[in-house]
Amino acid sequence: KPLELLLPLIRYSCPPNGVVLDPFAGSGSTGAAAEIERRSAILIEKDATTASAAAERLRQEAPLFKGAT
């Protein structure tokens, strides 16, 4: 999902300091967008390889997720 789509959706559907739930996290775009919009995120991904790639992306791109496993 492109960040350009996710940013306004998160901004308008989740209050500041709220929590965004993405049960199909994929590459972690929702988590990155939540970080930009200053929301927390719970990301769920069934595929372990994809989940690891998303965690690595968030470690690199989203400062508040640094150290996440």
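The structure presented is a predicted model; accordingly, all values stated were derived computationally and were not measured.

Q: Lay out the environment of Ala25 in plain terms, naming residues and giving numbers.
A: Within the secondary structure, Ala25 is located in the loop between strand 1 (19–22) and helix 2 (29–36). Here Ala25 falls in the buried class, since its relative accessible area comes to 5%. When the C-alpha positions of Ala25 and Asp47 are compared, they lie 9.8 Å apart, and in sequence the two are 22 residues distant. With residues near it in sequence (within four places) discarded, Ala25 still touches Leu43, Ile44 and Glu45.

Q: Account for the environment of Thr50, with residues named and values stated.
A: Position of Thr50 among the secondary structure elements: in helix 3 (residues 48–61). A residue is classified by how much of its surface remains accessible, and Thr50, at 28% relative accessible area, is partly exposed. Along the primary structure Thr50 and Gly28 are separated by 22 residues, whereas in three dimensions their C-alpha atoms are 9.0 Å apart. Thr50 has contacts with Gly26, Ser27 and Glu45, leaving out every residue within four places of it along the chain. Within the structure, Thr50 has its side chain in polar contact with the side chain of Asp47 (distance 2.7 Å).

Q: Tell me about the pairing of strand 2 (residues 40–43), and please be specific about residues and values.
A: As paired elements, strand 1 and strand 2 share 4 bridges and run parallel to each other. Bridged to Asp22 within strand 2 is Leu43. In this fold, strand 1 hands off to helix 2, which returns the chain to strand 2; that crossover is right-handed.

Cut-off values and rules
Residues numbered from 1 in each chain as written. Predicted model: local features only at pLDDT ≥ 70, side-chain atom pairs only at ≥ 80, totals over all residues. Heavy atoms only, no water. Helix = DSSP H or I, 4+ residues; strand = E, 2+ residues; numbered from the N terminus. Buried < 20%, exposed > 50% of the residue type's maximum accessible area, 1.4 Å probe, protein only. Contact = heavy atoms within 4.5 Å. Polar contact = N/O pair within 3.5 Å; in protein donor to acceptor, adjacent residues only side chain to side chain. Pairing = 2+ DSSP bridges. Right-handed = clockwise from strand over helix to strand, strands pointing away.

The values reported here are purely geometric and, on their own, carry no functional implication.
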